[in-house]
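Listed here are the chains, written in short residue letters.
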Amino acid sequence: MGLRESKISFFPYEEVQRRVNEDELKRLRLAFKRIAGASGVMAKSSFFREVLGESVPPKLAEQMFIAFGGGSKGIYFKDLLCGLALLTRGSLMDKLRFIFEIYSSDGNHVLQDDMESLLLASEGGKVPESIRQLFALSDKVTSQDFCDWLRRHPDSITLSKWLVKQGNGLQLTDYGETPTFYQTLAKFTGLQELDIIELEKRYWYLKSGTKTGKFDLETFMPLVSSCVSDSLAKALFNAFDENQDGHIDFREIACGISTCCRGPVAERFAFTFKIFDVDRDGRLSEDEIRTMIKTMIELKSENIPHSPMGKKEVEIDPEILVTDVLSDYDSDKDGFVTLDEYKKWATSQSLSRLVLDILFQICHVVFGLRPATRKDEYQVIWGWLDRENFRGLQPGTTWFLVAMEWWKKWKEFIGRQKSTVARSLSTSALEKNGVSPLSSTLSSSASQAWDRMESSQRKVMVGRRLSQPQRSVAPLVDVNGINISKPGTIDNSCLVEQDVRKIQSLTADGGKLKCSVPLVRGRDFEIVPESVWKALVQWYTGSPALPRN
């Protein structure tokens, strides 16, 4: 008796589907997934905080939770949706009936003893006089009598006052383009709302296969292992993990990405400072500076192989650089470098910018941030390829084929910027799959032809911010009055034999490569590492995937 022990049942899901459009339903699912996490069930505390808000009295919130269908494990999405649709889209009679269901123990009548007992627990220990008038003729009332009485006396109980008379203030979704959660993050970051929505999808995808359901160090390490050392990967993780609780939540990753990719240079250097400030005391000790210098030298040798720093005959003593940092930038000579002192050093050093470049690439390729400009996309993709091409085709790594027709369109769209890209790779590992390396004569002529084409485009390839990225790819982009064609969806079907028996979705292999005429790299296709393929597919969509080891 008393508080109802099961959810309301007169507002079915089929009715909800008629009152909620697809866009609202999609937004609510995303918000629910963010709050509920891997369990798929929203906890009671989250329901109180995220759905009802702090203004709803605790006892009333408890009634609402159970009426919505909440249990010991929490509340499921469909039950929550039905309840929200009732409160926000329901008629006055729907709401009156909802209140009746809360106080009714059998769904047919409200008993005086039950209602007074519940009111004593939720109305500050007293029963309003109007309640006794409701039961003046009998100790139980029907649904019709209860609703008629409540319509005349909406001030009698807190629930009807909040839901019927004052308006509950609940909205099914925000009246803006996206839920308030995304608007809030967009307000306090340099990201667009669409960026945040896409990043959240990627975030949930990355953590979906984890054992703990959290984006922890075990999840983070494999994602960045191809571009940084294990020690630097751990330091990067700690920099994103702002509250140091052992996992990165979505707010932390969104704010970190915003700082690394859309913030001013000073904020970006402040983030890299956190990477090397291991003990989080706000200053770098001599040991921390030594680790920082060694890390940066290692990054330079791996990412800029043709610079003097990468040559074996040129050796740089980290101790000399450590001494220089302390002598030139430790203004108070206390043996430590503060954040402001670090910024002064970092802005004058090319070494420090390598860390910014790596973070920029990781945020786009690994975390899924869509490049804001063509220049950004050029730097991200070619920067990643620089490093991977220098290492070459390593055993156990997977590379993906991209049709040359699409690749040329992409290169034309991106344009020519300054780059240290090493574009030649040994393709011997691909020969077993029916792929032949390009002859030296063809390779030279193709390279020269491409260089001439890029040169002709140079005058129009000015890196400036485009309009807010869209999910669909527009056919043309206007740059300085000239229409530049976007590459469109990646189509690799020209590289494979037609085979209706192939089940691509299960094998993750797009099919058997054409063998009637050997495919030639540089003429028919290009190869990219798995991480770059996934990034391009996210930004442009495409199929079939053609992985090769």
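Shown above is the structure to which this text applies.
The text that follows walks through the structure, step by step, so that each part is easy to find. The structure presented is a predicted model; accordingly, all values stated were derived computationally and were not measured. Throughout, a residue's number is its position along its own chain's written sequence, starting from 1. Where totals are concerned, whole chains, interfaces and linings use all residues; where local detail is concerned, this predicted model gives features only for residues with pLDDT of at least 70, and gives and counts side-chain atom pairs only at 80 or more. Just so you know, side-chain values use all the structure's heavy atoms and leave hydrogens and water out.

1. Focus: the overall build of the chain
Counting from the N terminus, the helices are the DSSP runs of H or I reaching at least four residues and the strands are the DSSP runs of E reaching at least two. Per the secondary structure count, the chain includes 25 helices and 13 strands. Using a 1.4 Å probe on the protein chains alone, a residue whose accessible area is under 20% of its type maximum counts as buried, one over 50% counts as exposed, and one in between counts as partly exposed. Considering the chain as a whole, with its 549 residues, one finds that 48% of them fall into the buried category. Computed by Shrake-Rupley with a 1.4 Å probe, the accessible areas treat only the displayed protein chains as cover when residues are assessed. In the structure as shown, the chain presents an accessible area of about 27000 Å², 50% of it carried by carbon and sulfur atoms.

2. A look at the packing of aromatic side chains
Any two of the Phe, Tyr and Trp rings considered here, Trp counted by its six-membered ring, make a pair once their centres fall within 6.5 Å; the pair's planes then place it as stacked at under 30 degrees, edge-to-face at over 60, or tilted in between. The tally for this structure, following the rule as stated, stands at 26 aromatic pairs. Relative to Phe 220, the ring of Phe 215 has its centre 6.3 Å away and its plane inclined at 80 degrees; by these criteria the two rings are edge-to-face. Taken together, Tyr 203, Trp 204, Phe 215, Phe 220, Phe 237, Phe 240, Phe 250, Phe 271 and Phe 367 form an aromatic cluster joined through their ring pairs. The ring of Phe 336 is capped by Arg 283, whose NZ or CZ atom sits 3.6 Å from the centre of that ring. Remark: a charge is flagged as sitting over a ring if the NZ atom of Lys or the CZ atom of Arg is within 6 Å of the ring centre and within 35 degrees of the ring normal. Arg 374 extends its terminal NZ or CZ atom over the ring of Phe 413, reaching a point 5.8 Å from the ring centre.

3. A word on helix H12 (residues 193-207)
Expected span of a helix: the number of residues minus one, times 1.5 Å. For H12, built from 15 residues, the straight-helix expectation of 21 Å at 1.5 Å per residue is met to within 8% by its first-to-last C-alpha distance of 21 Å. Burial runs high along H12: 12 of the 15 residues are buried. Residues Leu 194, Asp 195, Ile 196, Ile 197, Glu 198, Leu 199, Glu 200, Arg 202, Tyr 203, Trp 204, Leu 206 and Lys 207 constitute the buried set of H12.

4. What about empty space enclosed by the protein?
Throughout, the protein atoms alone are placed on a 1 Å grid, and a set of points is a cavity if a 1.4 Å probe fits but cannot get out or a pocket if it is open with protein on both sides within 12 Å along at least five of seven lines; lining residues have an atom within 4 Å of a point. Grid points are joined across faces, edges and corners, and a volume is the space filled by probe spheres set on the points. Overall, the coordinates contain 1 cavity of 30 Å³ or more when judged by the stated rule. Looking at the largest cavity, its volume works out to about 40 Å³. Leu 199, Arg 202, Tyr 203, Leu 206, Phe 250, Ile 253, Ile 257 and Phe 367 together form the lining of the largest cavity. Only H12 and helix H15 (250-261) provide two or more residues apiece to the lining of the largest cavity. No other element matches H12, which puts 4 residues into the lining of the largest cavity. Classifying every residue of the lining of the largest cavity by side-chain character gives 7 nonpolar, no polar and 1 charged. In the scheme used here, Gly and all other residues not listed as nonpolar or charged are polar, with Ala, Val, Leu, Ile, Met, Phe, Trp, Tyr, Cys and Pro taken as nonpolar and Asp, Glu, Lys and Arg as charged.

5. Re the pattern of salt bridges
The term salt bridge refers to a side-chain nitrogen of Lys or Arg lying within 4 Å of a carboxyl oxygen of Asp or Glu. Counting across every chain of the model gives 11 salt bridges. In this structure, Asp 281 and Arg 283 form a salt bridge, with 3.5 Å as the shortest nitrogen-oxygen distance. Judged by its relative accessible area of 37%, Asp 281 falls in the partly exposed class. Among the ionic pairs, Lys 534 bridges to Glu 530, the shortest N-O distance being 3.3 Å. In this pair, Lys 534 and Glu 530 are both assigned in helix H25 (residues 530-540), 4 residues apart and thus about one turn of the helix distant. According to the relative accessible area criterion, Glu 530 is partly exposed, its value standing at 32%. Here the salt bridges share partners, and the residues they tie into one network are Glu 286, Asp 287, Arg 290 and Glu 319.

6. Brief notes about the packing of helix H17 (residues 286-303) against helix H21 (residues 374-391)
Viewed as axis vectors pointing N to C, H17 and H21 meet at an angle of 75 degrees, and their least axial separation amounts to 8 Å. Taken as axis vectors, H17 and H21 run roughly perpendicular relative to one another. Facing Ser 301, Glu 302 and Asn 303 of H17, the residues of H21 in contact are Arg 387, Phe 390 and Arg 391. Partitioning the contact of H17 with H21 into residue classes produces 1 nonpolar, 2 polar and 3 charged. The angle between two axes is taken between their N-to-C directions and runs from 0 to 180 degrees, where each axis is a line fitted to C-alpha atoms and a helix contributes only its stretch in contact. Angular relationships are summarised with four words: roughly parallel below 35 degrees, roughly antiparallel beyond 145, roughly perpendicular across 65 to 115, and oblique for the angles in between. The contact definition used throughout considers only heavy atoms, calling two residues in contact when any of these lie within 4.5 Å.

7. Overview of the nonpolar core
In this structure, Ile 275, Tyr 342, Phe 367, Trp 407 and Leu 536 are the most contacted members of the largest nonpolar core, which totals 80 residues. With 10 residues, helix H20 (residues 350-365) is the single largest residue contributor to this core. If you count residues domain by domain, this core takes at least three from each of domain 3 (181-306 + 316-370) and domain 4 (402-415 + 486-548). Once residues within four sequence positions are removed from consideration, Ile 275 is found in contact with Leu 232, Ala 235, Leu 236, Ala 239, Val 355 and Leu 359. Nonpolar core, defined: a set of buried Ala, Val, Leu, Ile, Met, Phe, Trp, Tyr and Cys residues in which side-chain atoms within 4.5 Å join the residues together. By convention here, the domain bounds are inherited from an automatic or database domain assignment.

8. Looking at the pairing of strand S11 (residues 525-529)
Counting buried residues along S11, 5 of its 5 residues qualify, which places the element largely inside the surrounding structure. Two elements, strand S5 (residues 399-403) and S11, share 5 bridges in a ladder whose sense is antiparallel. Residue pairing in the sheet places Leu 401 in a bridge with Ile 527 of S11. When DSSP finds two or more bridges between two strands, those strands count as paired.

9. Re the sheet that holds strand S13 (residues 547-548)
Pairing between the strands of a sheet is mediated by backbone hydrogen bonds and can be parallel or antiparallel. The strand order S11-S5-S13 describes an open sheet built from 3 strands, whose pairing is antiparallel. Across the chains shown, the open sheet's two edge strands, defined by having one partner strand only, are S11 and S13. In this sheet, S13 lies alongside S5 in antiparallel orientation, the contact comprising 2 bridges. Each residue of the ladder has a partner; that of Trp 399, found in S13, is Arg 548. Sheet strands in contact with H21 are S5 and S11, and its direction is about 90 degrees off that of S11. Packed onto the sheet, helix H22 (residues 404-414) meets S5 and S11 and runs at close to 85 degrees relative to S5.

10. Observations concerning unusual backbone geometry
Peptide bonds are, in most cases, trans, and in most cases residues other than glycine have a negative phi. The residue after Ser 543, namely Pro 544, is reached through a cis peptide bond having omega -10 degrees. Although it is not a glycine, Lys 333 adopts a positive phi angle of roughly 55 degrees. Look at Lys 333 and you get exposed, because its relative accessible area is 54%. Unusually for a residue other than glycine, Thr 541 sits at a positive phi of about 65 degrees. Tracing the sequence through the fold places Thr 541 in the loop between H25 and strand S12 (542-543).

It is worth stressing that arrangement in space is one thing and function is another; only the former is reported here.
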